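Descriptive analysis of the structure
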Amino acid sequence: MMDGILVMAQDPPVDIAESGPQWPQTVAQFEALVEAVQDDLVHFAFCRLRSLPDAEDAVQDVLVRAYLDRARHCAVTRVRPYLYRMVANRCTDLLRQRRRMERSGPAADPARLPSQRETEPLAERLGEIERLLGRLPRLQAEAVRLRVFGGLPFKTVAEAAGVSLATAKSRFRYGVERLRGILHKETQS
Amino acid sequence: MTCRSARRQLADPFDSGDPGQSPDLRAHLAGCGRCAAELEEMRNAVAAIQPAGRVRASADFQERTLTKLAAELDAAQTARPRIRFTPWLRLAFTAAAILGVVAALPYLGTLGTNRGEIALLAQSIDALNGLRSVHIVARMRTPRGDNFESIGAGYDFQPVEMWKEFGATPRWRVENPGRVVVMDGEQSILFMKPDQAVHGGRNAGFVEWLRPLLDPERVLAGELRAAQKGESRAAIRQEGPRVTLTATRKAAGEFVGDWGRNSSVSQSDHTRVYQFDAATSRLTSLQVILHDGGKDVVVFETTDIRYNEAMAAELFTVALPDGVIWGVRPERMPTDRALPATARDAAEAFLEGLAQRDWERVLTVYPATAVPESIKRDGGGLRVISIGVPFQSGLYSGWYVPYEVTLADGTGKHWNLAVRNDNAAQRWLFDGGF
């Protein structure tokens, strides 16, 4: 261990609460941001990708990109919605890649990691959920995911989607109504 | 409230930010079974897509993310090696170095895993923000007029001064009583007083081990990285407004008969004591202590480090005397005479050339447009008594050739000539030791 103890973080942690968040401009702020959002974003990505390693990779990609582009985003005042949008887009890209790979031939069956074995039941259930959400219009499904998987209030859903609060609520409501119909049909059949 | 307007608000009860229902909606739902049933069905549908559990990021997720960022920044640096350093790029590249160390912190021998180091490293990025220039005043135990590498516990202190201006095109100057190096943003010139000069590029190695001090914001990361590699034992301590980094290193190199040991900082057992300002993480002082047996001698110490001084453009130029003797690249040296094939041949060409005042022969190994007057004066007409067997020692990539001569004034000299051929032309060159 080192001879002396050193505690001297001078950067205020990134405020990701409602008031005055800023895009991280220093490593200390970046580190604080990662700590604050990692669990929420990884869970959100996991709900789409159903693989913890893939979800963590996706979130890492997003966070690293967020820091690399920090000059461009320094005027962004609310970090969290922006990150959710980036993660959602990244997940969509990865799912497209996955589908392309599946079309080009069966993937090798890699040995499952312990973390994958632990999350397997959850992933199976999410596979069923995603099958349902996949039958919704894309924008409605996205609003539902942000609200249900991300646990975001509609205000943040609206910011993440870049739409008004009323539009975000409408998309959610129409999405859930359509989901009701799908569930009803499936129950009947 | 109508059913139509009530249904428009049916998302509100699902809002985690404001899950309450308006009094109007509540009243409508209390009296309208159809709308209430619709809300209930929506609740059921949302419940049907609720994940059955929640995952968390792995315990090492944060560390891996920092490592990934470091790799990205390193890759960017590798892909664009000749890119000009804007302030943002300098920030990013410094971050890469620092993050690399952050990722390695758990593996540092004497440094442990205290997050304080991460904070200090991260904060040193901020030290870079707004850094326009640095001016270091120091002193060093070295032979007067020698290069910036030679040290010795027995020498008196000589002044050393360094200036660097940051920005899109960094410029710097390093000076001691015998030498001046300036880098004007595009090229560097080493002026060896009174009559020799050498051209170099932006990264010429004219200032040797002092070079890292020209990037004081990277000193901390560099030292911690060295500790990670096992090249040193490092410790950080904070005392009030001051952070002290102590890095102790063993002499590098394999020595033959101890030749070269303790002749430079790298080739000596030594301790570097850096001090940083805790508030800004800026380097405030450096002391290098040579451990020679049981004796500890300070061989280098800064006496003043000033940041953000205004620097005149003239500082990064050097006035050269008329008739200056320029260094010549090995591949452009004359080839019209027999060239030495071995280290011993090179020593012989130099010494016998001096003995016979055959300056053309000296120039077969002396990489310059002419032989300096000081060498002609001191060496011309010497008598060669012996030239010994070449050997290698320490970190020097050339060869040492023992020699014994009697100078024209009768003085005897028994020393080692340094010669090398590690250049693209593989030409044997005189490199010092006379």
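Because the structure is a prediction, the values reported are computed rather than measured.

**Comments concerning the overall build of chain B**
Each helix and strand counted, chain B has 10 helices and 16 strands in total. Out of the 434 residues belonging to chain B, those deemed buried represent 37%.

**Brief notes about the packing of helix H5 (residues 138-148) of chain A against helix H7 (residues 165-188) of chain A**
Residues and elements named next belong to chain A. Two elements in contact, H5 and H7, have axes whose closest approach is 8 Å; the angle formed by their N-to-C orientations is 100°. The orientation of H5 with respect to H7, classified from their angle, is roughly perpendicular. Along its contact with H5, which presents Leu139, Gln140, Ala141, Ala143, Val144 and Arg147, the element H7 presents Ala168, Arg171, Phe172, Tyr174, Gly175, Val176 and Arg178.

**Topic: the nonpolar core**
Among the nonpolar cores identified, the biggest contains 63 residues, and A:Ala45, A:Val59, A:Leu83 and A:Val87 are the most heavily contacted of them. Dropping the residues within four chain positions of it, A:Val59 is found in contact with A:Gln38, A:Leu41, A:Val42, A:Ala45 and A:Val87. Ranked by size, the runner-up nonpolar core spans 45 residues in total, among them B:Ala138, B:Trp172, B:Leu213 and B:Ile236.

**Here's the deal with helix H3 (residues 33-48) of chain B**
Its 16 residues give H3(B) an end-to-end C-alpha distance of 22 Å, which sits within 8% of 22 Å, the value for a rise of 1.5 Å per residue. Within H3(B), burial applies to B:Cys35, B:Leu39, B:Met42 and B:Ala45. Buried residues of H3(B) fall within an arc of 120° about the axis and therefore sit on the same side. Exposed positions of H3(B) whose direction lies more than 90 degrees from the buried face are B:Gly33, B:Ala37, B:Glu40 and B:Ala47. Packing partners of the buried residues in H3(B) comprise H7 of chain A together with helix H1 (3-8) and helix H2 (23-31) of chain B.

**Concerning the sheet that holds strand E5 (residues 188-192) of chain B**
All names here are of chain B. Read across the open sheet, the 12 strands follow the order E7-E8-E9-E10-E11-E1-E2-E3-E4-E5-E6-E12; overall the sheet is mixed. For this open sheet the edge positions go to strand E7 (233-239) and strand E12 (325-326), each flanked by a neighbour on one side alone. One ladder, built from 7 bridges, connects E7 with strand E8 (residues 242-249); its direction is antiparallel. Bridge pairing in E8 links Ala235 to Thr246. Of the strands in this sheet, strand E1 (133-141), E7, E8, strand E9 (270-277) and strand E10 (283-292) are in contact with helix H7 (residues 216-228), which crosses E8 at around 45°.

**Some remarks on the environment of A:Val59**
All names here are of chain A. If you trace the backbone, Val59 turns up in helix H2 (residues 52-68). The buried category is assigned to Val59, around which 29 C-beta atoms lie within 10 Å. The sequence separation of Val59 and Phe44 amounts to 15 residues, and the corresponding C-alpha distance is 9.3 Å.

**Overview of the sheet that holds strand E14 (residues 399-406) of chain B**
All names here are of chain B. Pairing is antiparallel in the open sheet, where 4 strands are placed in the order E13-E14-E15-E16. Each edge of the open sheet is held by one strand with a lone partner, namely strand E13 (383-387) and strand E16 (429-432). Pairs of neighbouring strands in the sheet enclose a mean axial angle of 40°, with direction left out of account.

**Regarding H7(B)**
Residues and elements named next belong to chain B. Its 13 residues place the ends of H7 19 Å apart at the C-alpha level, agreeing with the 18 Å of an ideal helix rising 1.5 Å per residue. Residues of H7 that are buried include every one of Pro216, Glu217, Arg218, Val219, Leu220, Ala221, Glu223, Leu224 and Ala227, and no others. Taken from the residues just after H7, Gly230 is the one with a positive phi, measuring 85°.

**Some details on the confidence of the model for chain B**
Low pLDDT marks regions whose predicted coordinates should not be analysed in detail. Residue and element names in this part refer to chain B. In this model, chain B carries a mean pLDDT of 82, and residues with pLDDT of at least 70 account for 85%. For the stretch residues 77-85, pLDDT sits under 50, and the model shows 8 contacts to residues farther than four places along the chain or on other chains. Taken together, the stretch residues 104-115 has pLDDT below 50 and engages in 28 contacts with residues farther than four places along the chain or on a different chain. In the model output, the complex is listed with pTM 0.53 alongside ipTM 0.80.

**Observations regarding the confidence of the model for chain A**
Residues and elements named next belong to chain A. Per-residue pLDDT for chain A averages 78, and the proportion of residues at 70 or more is 79%. Confidence, expressed as mean pLDDT per element, reaches its minimum in chain A at helix H4 (residues 114-133) with 75 and its maximum at H5 with 91. Contacts from residues 108-114, a stretch scored under 50 in pLDDT, to residues over four places away or in other chains number 2 contacts.

**Notes on the packing of helix H6 (residues 154-161) of chain A against H7(A)**
Residue and element names in this part refer to chain A. At a minimum axis distance of 8 Å, the contact between H6 and H7 shows a crossing angle of 100°. In terms of axis orientation, H6 runs roughly perpendicular to H7. Judged by residue contacts, Phe154, Lys155, Val157, Ala158 and Ala161 of H6 engage Leu165, Thr167, Ala168 and Lys169 from H7.

**A look at the environment of B:Val328**
Residue and element names in this part refer to chain B. Within the secondary structure, Val328 is located in the loop between E12 and helix H8 (343-355). Taking the C-beta count within 10 Å as the criterion, Val328 has 18 such neighbours and is therefore assigned partly exposed. Here Val328 is in contact with Met333, Pro367, Ala368 and Thr369, once residues within four sequence places are set aside.

**Details of the pairing of strand E4 (residues 179-183) of chain B**
Residues and elements named next belong to chain B. Along E4, 4 of the 5 residues are buried, which leaves the element largely enclosed by surrounding structure. In this structure, strand E3 (residues 171-175) lies alongside E4, joined through 4 bridges in antiparallel fashion. Paired with Trp172 across the two strands is Met183, which belongs to E4. Hairpin connection of E3 to E4: 3 residues between the antiparallel strands. As judged from the 5 bridges shared by E4 and E5, these two strands associate in the antiparallel manner. If you follow Val180 over to E5, its bridge partner there is Phe191. Here E4 folds back onto E5, and the loop between the two strands holds 4 residues, one of which, Gly185, carries a positive phi near 110°.

**So, the environment of A:Thr156**
Residues and elements named next belong to chain A. The topology assignment puts Thr156 in helix H6. On the neighbour-count criterion, Thr156 (22 C-beta atoms within 10 Å) is buried. Sequence spacing of Thr156 and Arg80 is 76 residues, and the spatial spacing of their C-alpha atoms is 8.0 Å. Once you skip the residues sitting within four places of it in the chain, Thr156 turns out to touch Arg80 and Pro81.

Basis of the calculations
Residues numbered from 1 in each chain as written. Chains lettered and ligands numbered in written order. Predicted model: local features only at pLDDT ≥ 70, side-chain atom pairs only at ≥ 80, totals over all residues. Helix = DSSP H or I, 4+ residues; strand = E, 2+ residues; numbered from the N terminus. Buried ≥ 20, exposed ≤ 12 C-beta atoms within 10 Å, placed from the backbone. Axes fitted to C-alpha atoms, helices over the stretch in contact; angles between N-to-C directions. Parallel < 35°, antiparallel > 145°, perpendicular 65-115°, else oblique. Contact = placed C-beta atoms within 7 Å. Core = buried A, V, L, I, M, F, W, Y, C linked by C-beta atoms within 7 Å. Expected span 1.5 Å × (residues − 1). Arc of directions from axis to C-beta. Pairing = 2+ DSSP bridges. pLDDT = per-residue confidence, 0-100.

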